[in-house]
Amino acid sequence: MKVLKFGGTSVGSVESILSLKNIVTKEAKEQSVIVVVSALGGITDKLIETSRLALAGDERYREEFEAIVDRHHKMIDTIITDTKDRERLFTTVDSLLEQLRSIYFGVFLIHDLSEKTQDAIVAYGERLSSNIVATLIKGAKWFDSRTFIKTEDKQGKHVLDAELTNKLVRQTFADLPRISLVPGFISKDRVSGETTNLGRGGSDYTAAIIAAALNADVLEIWTDVDGFMTADPRVISSAYPIKELSYVEAMELCNFGAKVIYPPTIYPVCVKNIPIKVKNTFNPDAEGTIIKERIEGDHKPIKGISSIGGTALITVTGLSMVGVIGVNRRIFTKLAMEGISVFMVSQASSENSTSIGVKESDAEAAARVLNEEFEKEISTGAMYPMQVETGLATIAIVGENMKRTPGIAGKLFGTLGRSGISIIACAQGASETNISFVVKGQYLRKSLNVIHDSFFLSEYKVLNLFLCGVGTVGAKLIEQIRSQYESLKKESQLLLNVVGIASSKKAIFNREGLNLDTYREALEASEPSDANKLLDNIIGMNIFNAVFVDCTASKDVAALYQALLEHNVSVIAANKIAASSDYEKYRKLKETALRKGVKFRFETNVGAGLPIIGTINDLRNSGDKILKIEAVLSGTLNYIFNALSEETPFSETVKQAKELGFAEPDPRIDLSGMDVVRKLVILTREAGYRLEVEDVVKNLFVPDEYFEGSVEKFWERLPELDAEFEAKRKVLAAKGCKWRFVARMEVDENDGVSASVGLKEIPQNHSFYELEGSNNIVTLTTERYKEYPMLIQGFGAGASVTAAGVFANVLSIANI
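Residues numbered from 1 in each chain as written. Predicted model: local features only at pLDDT ≥ 70, side-chain atom pairs only at ≥ 80, totals over all residues. Heavy atoms only, no water.

Observations regarding the overall build of the protein
Then, number 1: Each helix and strand counted, the protein has 29 helices and 30 strands in total.
Then, number 2: For 816 residues, the compact-globule formula gives about 28 Å, and the C-alpha radius of gyration of the protein, at 37 Å, lies well above that figure.
Then, number 3: With the C-alpha coordinates of the protein rotated into their principal frame, the extents come out at 115 × 75 × 55 Å.
Then, number 4: Here the protein, with 816 residues, has 52% of them falling under the buried criterion.
Then, number 5: Surface exposure of the protein reaches about 36600 Å², of which carbon and sulfur atoms provide 49%.
Then, number 6: Looking at charge distribution, the protein has the averaged site of its 95 positive side-chain charges lying 3 Å from that of its 107 negative ones. (Helix = DSSP H or I, 4+ residues; strand = E, 2+ residues; numbered from the N terminus. Rg over C-alpha atoms; globule rule 2.2 N^0.38 Å. Buried < 20%, exposed > 50% of the residue type's maximum accessible area, 1.4 Å probe, protein only. Areas by Shrake-Rupley, 256 points an atom, 1.4 Å probe, with all protein chains shown as cover. Lys, Arg positive; Asp, Glu negative; His and termini not counted. Charge placed at Lys NZ, Arg CZ, Asp CG, Glu CD.)

Description of the sheet that holds strand S19 (residues 461–468)
Then, number 1: Pairing is mixed across the open sheet formed by 6 strands, whose spatial order is S21-S20-S19-S22-S23-S24. Pairing within the sheet leaves two strands with one partner each, and these edge strands are strand S21 (507–509) and strand S24 (600–601).
Then, number 2: Where strand S20 (residues 494–502) meets S21, 3 bridges bridge the pair, whose relative direction is antiparallel. Within S21, the position partnered with Ile-501 by the bridge is Ile-508.
Then, number 3: Where helix H15 (residues 472–492) meets the sheet, it contacts S19, S20 and strand S22 (546–550), and its direction lies at approximately 155 degrees from that of S20. (Pairing = 2+ DSSP bridges. Contact = heavy atoms within 4.5 Å. Axes fitted to C-alpha atoms, helices over the stretch in contact; angles between N-to-C directions.)

What about the pattern of salt bridges?
Then, number 1: Taken as a whole, this structure holds 41 salt bridges when the rule is applied.
Then, number 2: Asp-675 serves as the salt-bridge partner of Lys-576, at 3.1 Å between the closest nitrogen and oxygen. With Lys-576 in the loop between strand S23 (570–573) and helix H20 (577–580) and Asp-675 in helix H26 (residues 674–686), the pair connects residues that are 99 residues apart, well separated along the chain. For the pair formed by Lys-576 and Asp-675, the shared burial category is buried.
Then, number 3: Its salt-bridge partner being Glu-591, residue Arg-587 comes within 2.7 Å of it at the nearest N-O pair. Taken as a pair, Arg-587 and Glu-591 lie in helix H21 (residues 583–596) at a separation of 4 residues, close to a single helical turn.
Then, number 4: Of the residues examined, Arg-587 reaches a relative accessible area of 31% and is grouped as partly exposed.
Then, number 5: Judged by relative accessible area, which is 43%, Glu-591 ranks as partly exposed.
Then, number 6: Within this structure, Glu-584, Arg-587, Glu-591 and Arg-690 form a network of salt bridges that share partners. (Salt bridge = Lys/Arg side-chain N within 4 Å of Asp/Glu carboxyl O.)

Details of the state of the cysteines
Then, number 1: Tallying each qualifying case throughout the model produces 0 disulfides.
Then, number 2: In this model Cys-254 remains outside any disulfide bridge; the closest cysteine sulfur is found in Cys-270, 10 Å from its own.
Then, number 3: Considering cysteine sulfurs only, Cys-551 is the nearest to Cys-468, which forms no disulfide, with 8.3 Å between them.
Then, number 4: Cys-468 sits in the buried class, given a relative accessible area of 4%. (Disulfide = S-S within 2.5 Å.)

Details of the packing of helix H3 (residues 60–79) against helix H5 (residues 115–136)
Then, number 1: Packing of H3 against H5 brings their axes to within 11 Å, and their N-to-C directions diverge by 5 degrees. Classified by the interaxial angle, the pair formed by H3 and H5 is roughly parallel. Seen from H3, the contacting residues are His-72, Met-75, Ile-76 and Ile-79; seen from H5, they are Leu-128, Ile-132 and Leu-136. (Parallel < 35°, antiparallel > 145°, perpendicular 65-115°, else oblique.)

A look at helix H1 (residues 14–28)
Then, number 1: Helix length check: H1, at 15 residues, gives a terminal C-alpha distance of 21 Å against a target of 21 Å (1.5 Å per residue), a fit within 8%.
Then, number 2: Considered for burial, the residues of H1 that qualify are Ser-16, Ile-17, Ser-19, Leu-20, Ile-23, Val-24, Glu-27 and Ala-28. For H1, the angular spread of buried residues about the axis comes to 165 degrees, placing them on one side. In H1, those exposed residues whose orientation departs by more than 90 degrees from the buried face are Glu-15, Asn-22 and Lys-26.
Then, number 3: Buried residues belonging to H1 abut strand S1 (2–6), strand S2 (33–37), H3, H5, strand S6 (179–183) and strand S9 (218–223). (Expected span 1.5 Å × (residues − 1). Arc of directions from axis to C-beta.)

Quick notes on the nonpolar core
Then, number 1: Ile-451, Phe-548 and Phe-650 are the most contacted members of the largest nonpolar core, which totals 109 residues.
Then, number 2: With 6 residues, H26 is the largest single contributor of residues to this core.
Then, number 3: Each residue touching Ile-451, except ones within four places of it in the same chain, is listed here: Ile-305, Ile-395, Ile-397, Leu-412, Leu-416 and Phe-437. (Core = buried A, V, L, I, M, F, W, Y, C linked by side-chain atoms within 4.5 Å.)

Quick look at the packing of helix H13 (residues 408–418) against helix H14 (residues 444–454)
Two quantities define a packed helix pair, namely the angle between the helix axes and the distance between the axes.
Then, number 1: Between H13 and H14, the least distance of the axes is 10 Å, while the angle of their chain directions is 130 degrees. Comparing their axes, H14 and H13 come out oblique. As for how H13 packs across H14, the hand of that crossing is right-handed. Where H13 abuts H14, its residues Lys-411, Leu-412, Thr-415 and Leu-416 lie against Ser-447, Val-450, Ile-451 and Ser-454.
Then, number 2: The class makeup of the residues in the contact of H13 with H14 is 4 nonpolar, 3 polar and 1 charged. (Left-handed = near helix turned anticlockwise from the far one by under 90°. Nonpolar A, V, L, I, M, F, W, Y, C, P; charged D, E, K, R; others polar.)

Focus on the environment of Ser-379
Then, number 1: By the element assignment, Ser-379 lies in helix H12 (residues 375–380).
Then, number 2: Residue Ser-379 is classed as exposed on the basis of its relative accessible area of 58%.
Then, number 3: Between the C-alpha atom of Ser-379 and that of Glu-389, which follows or precedes it by 10 residues, the distance is 22 Å.
Then, number 4: From its side chain, Ser-379 meets the backbone oxygen of Lys-376 in a polar contact 2.6 Å long. (Polar contact = N/O pair within 3.5 Å; in protein donor to acceptor, adjacent residues only side chain to side chain.)

With respect to the packing of aromatic side chains
Aromatic ring pairs are defined here through the distance separating the ring centres and the angle between the ring planes.
Then, number 1: Considering all chains together, one arrives at 19 aromatic pairs under this definition.
Then, number 2: Ring centres of Phe-143 and Phe-173 lie 4.8 Å apart, and the angle between their planes is 50 degrees; on these two criteria the pair is classed as tilted. Taken together, the residues span a long stretch of sequence, with Phe-143 in the loop between strand S3 (141–142) and strand S4 (150–154) and Phe-173 in the loop between helix H6 (162–172) and S6 at a distance of 30 residues. For the pair shown, Phe-143 and Phe-173 are each scored as buried.
Then, number 3: Ring geometry for Phe-701 versus Phe-725: centroids 6.2 Å apart, planes at 85 degrees, classification edge-to-face. Within this pair, whereas Phe-701 is found in the loop between strand S26 (697–699) and helix H27 (711–717), its partner Phe-725 is found in helix H28 (residues 722–735), the two being separated by 24 residues in sequence.
Then, number 4: Cluster of aromatic residues (ring-pair linked, three or more members): Phe-641, Phe-650, Phe-701, Phe-725, Trp-739 and Phe-741. (Phe/Tyr/Trp six-rings, centres within 6.5 Å; stacked < 30°, edge-to-face > 60°.)

Some details on a nonpolar patch on the surface
Then, number 1: On the surface, Phe-105, Leu-109 and Ile-110 cluster together into a nonpolar patch covering about 310 Å² of accessible area.
Then, number 2: Its location among the elements puts Ile-110 in helix H4 (residues 83–110). (Patch = residues over 30% accessible without salt bridge, like charges linked within 9 Å, V, L, I, M, F, W, Y side chains within 5 Å.)

Below, the structure written as structure tokens:
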């Protein structure tokens, strides 16, 4: 035998109520079922609002009442097709509605609404809906739950008389029909016979009472979600239904915001170890969530996350609290007397402060009554006035396996800290099934997402990317991300979510992710942007696992790195400006990234996609010391000097380099050697030494006057150098040598650093001699690699390999 409970949303529309009929009919073919229904969705609130208007003498109560009548009439007209059934049902429903009309009129006339009358009014919601459903489902027998759900008055509250109720339930259903239809929520006082109700979650309670009394096989709660979710799906799009929960886990999640069931009401079935199944009326084929005493083969430490927004902390503090018995008793007694519920308590072991979590709407009253309670202590300075902090959110991570898994709290706090989220207060009981903590309300979404992602509750690990620069490298990177998107999801469970794309003049943002097929059109249609607006949008989005990727050569964009790192946004830069700027700025960026627990990566600053910087870091981290670096770091210059021949003069090779995309639009940037200087500075710093751009000795091969004036004038004058270069090339060829533009750094015995760049003659027996095309090469001489230096060689220029290097940096943040 099963008990099925359908909530307000399950009887709130024609679609849902017809789905209910199909579900019940199907279940009844297998076994007897008892169906418990709530009032039509929204009707209970409507009944209460109409009472309020009537009590105030407001004539609008009549309009509200007629709306209630109309809602039920339309439902009957739509779903009850048999004429005789509809006529009988209208007779029953209209009789109930006339009774309700009379009660409202009485309230309106005498301006009085007792608790007894209010209880009678709200009971009509379930009385009406249950008769409608009982008529809709052929063969269903309607039972008035007031005849067997009995309450008694205890200190002014309706409390279930469990012994009498269980006896009456067993008597009522001794001869169990195939389909029994019962209104939830409503009850009767065992002494007076007056209509009462079971309070919040009353329909769940009705179903649980019946299931426990009859030892049902299962209690099914039918609602509008696919079961308990790992987190609020309105906040976390990747949240998914939890297949199994223990009773404890379900109650912990419900206590902190998951509104699937109301914990106190399911107590009867927990005691009897009757499983509870949560199913979706609108998606009945979904598996749902099963709740039972013990979950076998479950190894996840955390099952789900729940949260409550709009919370406040009241902190009671003072030296007189230390070692004094009864302070907490006074706090909670006073709050209870005022009807203020406390959902979290955090107390320091020193006993000099206690923080309590309350609804924000109760904060002012809570502070007032506690200030009154401790007025004497406050006046003498033994205690301080209550400290109130509002605009907060409370989050709980829940899972019974936490008590068998060391390090959960450490991982939780570390994860939040790396995302720039400060924990204001926290609490954990000795059962270790729930860790609750308070954060600023503005960080609720980010907190939930980063926890969900970090504790493998998400199907995918998510990186939220802001891409700046859509030129050759940026466009190639977007193309690579798009082409690898599905593969990374499938093979690495990594979701790359591009939430921002910026060009030099415009930017687009969408926290749910941008369409990489149409981003150029979206950019074109977007509002103008600049570096400051870009920064404001990124920080304002406050998104978790944020990564800023700079594929520009902009000084203004590089200037954003410090602020981004301070806001826990990782930075990946193809832009060399930041890492080669003033040493103190470089050092501060590195230190900020380390302090904030985020990443500052710039592997492609040197050698495009070659693993040069990463190798240097690995050597140093393993205890090695870099003694010398020699390198050819300009693919552009290497191409120029490789292409130089008797048939191809110097000026022509420069043009070819530009046409092939190796050189900048203004090739003087490459010919000046400044790009190589910056790269050498970066490598030297990563090797552990302080070096400024100005410290590098530059031995250039193009006279200074060629770097003056316009780029058009430069192209005009460039052939003037052809004859000189050809003469030198012939001499070089006669020696059997080649030109290479070499960057060199060497450390002396006192750790002093000398650095230079310049055109060098390379003999045939040198490793640099056979360097082809636009390739780069680096030799690293270290304490371990002294006799035979380490050599790294490969393609060191071009948009595709640079973009691939940037992409690899992105993936390294996800540990892929």
